[in-house]
Structure formats: structure tokens, C-alpha cells
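Remarks on the overall topology
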Amino acid sequence: MEVGRVCVKLAGREAGKKCVIVEKIDENFVIIDSPFVRRRRCNIRHLEPLDILVDIKEGADSKEVEKALRKAKLI
């Protein structure tokens, strides 16, 4: 799982929604964000990675994530 990977949440109240990995904490946890999912720490077991990779830098803010998703036509 790398920064910029688009995933679908599998667990929690936001299950089924798309998000982007913004930062990698360690081998089990990442920070995710998107207009549909609030920024938070998430276990990688709760994410299903998609084949889509957006161009963002590590630690990008919510506006940059939204802009990258719009450019990739995911919003």
C-alpha cells in the first residue's frame, strides 16, 4: 500500500466508500482521506486497494486529495 492508492473501505460506518492513502504509518496502519471519508488512521485490513493511483505527495491536505480525485474523474 503506497501513498496515492485509491481504496474502498470494507469496515465501519464508511464501508463501501472510496478513499485515498495519504500517509503510511507502519506496515499495518495508514492515514486515509477523501471527500466521502473523513481523515483518519485505518488498518490496512479494512481497505480493499483498487488499481487506481492518484498523484499526491505524502501528507497531502484534503483539498489536494479532492483535486487529485477530480482529475482522475472519481468524483
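Before reading further, recall that the structure is shown in the block above.
Only a predicted model underlies this, so the values are computations on that prediction, with no experimental measurement involved.

**So, the side chain of R5**
Note that R5 resides in strand β1 (residues 5-9). Classification of R5 as buried rests on a relative accessible area of 16%. One polar contact links R5 to E2, side chain to side chain, over a distance of 2.5 Å.

**Things to note about the pattern of salt bridges**
Summed over all chains, the structure comprises five salt bridges. Two residues, E66 and R70, come together in a salt bridge whose shortest N-O distance is 2.8 Å. Of this pair, E66 and R70 both sit in helix α1 (residues 62-71), four residues apart, which is roughly one turn of that helix. You can call E66 partly exposed: its relative accessible area is 29%.

Criteria and cut-off values
Residues numbered from 1 in each chain as written. Predicted model: local features only at pLDDT ≥ 70, side-chain atom pairs only at ≥ 80, totals over all residues. Heavy atoms only, no water. Helix = DSSP H or I, 4+ residues; strand = E, 2+ residues; numbered from the N terminus. Buried < 20%, exposed > 50% of the residue type's maximum accessible area, 1.4 Å probe, protein only. Polar contact = N/O pair within 3.5 Å; in protein donor to acceptor, adjacent residues only side chain to side chain. Salt bridge = Lys/Arg side-chain N within 4 Å of Asp/Glu carboxyl O.

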